[in-house]
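Residues per chain, in single letters:
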Amino acid sequence: MSRPPLQLTDTERLIFALDVPDRAQALAWIDRLGQTVQFYKIGMELLASGEYFQVLDALAARGKKVFVDLKFFDIPATVAGVVAGLGRWPVSYCTIHGWHPAMMQAAAAANGGDMRLLAVTVLTSMDGSDLRSMGIDADPERIVVERALAAQAAGVDGVIASGLEAGPIRRATGAGFSIVCPGIRPAGPVGDDQKRSVGVARALADGADALVIGRPIRNAPDPAAAAAAIQAEIALAMSEKSKA
């Protein structure tokens, strides 16, 4: 059975994508953003540095929540082993791929700590044409919902999905299933590789628990100010949601 969603403060609903190549740059970003960000995603780019777990420890030492985004996908026994091992670290979220029910079941069974497993549904850089090129003749929403339900049935705690699908996922899975949305673009689409993006307010109103945001903060003239502005938008959206 899946765990209940993390208890997040509004400030922790913003997850900054710490997509940097080494520890020095990661620590510089943590210092730069200060108290405006309390939750960080560390992914594949940092893994190649050999300093991944040093950054994980540094985040934990500063009281930050950590999202390990390595999208594990392998035979069930292998994924179960890495999930069990990762559970020894202070990790709040961890991603696995949502394509293989037996693998998801094994991962969920191996997760003995407080870490929440999130199944990747369809990457936000993909649209319907990408799915068709892979032999999947269905629109992204249908596939995402199907994979969310499969993840829930396997005992996985939640999913990673575009904010476009947060509403359909929430209606299909009900309350108590975590939805984390990457590819959020507060100012609207900017012509990058994110094909299925939405803004902050819509994703939260439709049922997202947390939002992963990278480039809109990283590329801003004043990243801390950009993060603070997003935090204000999150606080307003959550206030409006509580009144609905």
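Our structure's up above, just so we're on the same page.
The paragraphs below set out a description of the structure included in this document. Keep in mind that this is a model prediction, so the values were computed, not measured.

1. What to know about the overall build of the chain
Then, in step 1: Secondary structure summary: the chain contains 11 helices and eight strands in total.
Then, in step 2: As displayed, the chain offers around 10,300 Å² of accessible surface, 54% of which is attributable to carbon and sulfur atoms.

2. As for the side chain of His97
Then, in step 1: When you line up the elements, His97 lands in strand S4 (residues 93-97).
Then, in step 2: A residue is classified by how much of its surface remains accessible, and His97, at 17% relative accessible area, is buried.
Then, in step 3: Contacts of His97, omitting those with residues within four sequence positions, involve Lys71, Phe72, Phe73, Met103, Met104 and Val120.

3. With respect to the packing of aromatic side chains
Then, in step 1: Across all of its chains, the model carries six aromatic pairs by this definition.
Then, in step 2: Arranged with centres 5.5 Å apart and planes meeting at 70 degrees, the rings of Tyr52 and Phe53 form a pair that is edge-to-face.
Then, in step 3: Since its relative accessible area comes to 34%, Phe53 is described here as partly exposed.
Then, in step 4: Ring centres of Phe67 and Tyr93 lie 5.7 Å apart, and the angle between their planes is 75 degrees; this geometry places the pair in the edge-to-face category. With Phe67 in strand S3 (residues 65-72) and Tyr93 in strand S4, this residue pair connects regions lying 26 residues apart in the sequence.
Then, in step 5: On the basis of relative accessibility, which here comes to 1%, the residue Phe67 falls in the buried class.
Then, in step 6: Classification of Tyr93 by relative accessible area gives buried; the value is 1%.
Then, in step 7: Among the aromatic residues, those joined into a ring-pair cluster are Phe16, Trp29 and Tyr40.
Then, in step 8: Its guanidinium or amino end placed over the ring of Trp29, Arg32 lies 4.3 Å from that ring's centre, counting from NZ or CZ.

4. Topic: the pattern of salt bridges
Then, in step 1: Evaluation of the coordinates by the stated rule reveals 11 salt bridges.
Then, in step 2: Between Arg13 and Asp10 there is a salt bridge whose closest N-O contact spans 3.4 Å.
Then, in step 3: In this structure, Asp69 and Lys41 form a salt bridge, with 3.2 Å as the shortest nitrogen-oxygen distance. Separated by 28 residues along the polypeptide, Asp69 in strand S3 and Lys41 in strand S2 (residues 39-42) bring together distant segments of the chain. Pair check on accessibility: Asp69 and Lys41 agree, each one buried.

5. A word on the side chain of Asp157
Then, in step 1: Considering the arrangement of structural elements, one finds Asp157 in the loop between helix H7 (140-154) and strand S6 (158-160).
Then, in step 2: A polar side-chain atom of Asp157 sits 2.6 Å from the main-chain amide nitrogen of Arg3.
Then, in step 3: From its side chain, Asp157 meets the backbone nitrogen of Leu117 in a polar contact 2.7 Å long.
Then, in step 4: In this structure Asp157 touches Ser2, Arg3, Asn111, Met115, Arg116, Leu117, Phe177 and Ser178, once residues within four positions along its chain are discounted.

Definitions and limits used
- Residues numbered from 1 in each chain as written.
- Predicted model: local features only at pLDDT ≥ 70, side-chain atom pairs only at ≥ 80, totals over all residues.
- Heavy atoms only, no water.
- Helix = DSSP H or I, 4+ residues; strand = E, 2+ residues; numbered from the N terminus.
- Areas by Shrake-Rupley, 256 points an atom, 1.4 Å probe, with all protein chains shown as cover.
- Buried < 20%, exposed > 50% of the residue type's maximum accessible area, 1.4 Å probe, protein only.
- Contact = heavy atoms within 4.5 Å.
- Phe/Tyr/Trp six-rings, centres within 6.5 Å; stacked < 30°, edge-to-face > 60°.
- Lys NZ or Arg CZ within 6 Å of the ring centre and 35° of its normal.
- Salt bridge = Lys/Arg side-chain N within 4 Å of Asp/Glu carboxyl O.
- Polar contact = N/O pair within 3.5 Å; in protein donor to acceptor, adjacent residues only side chain to side chain.

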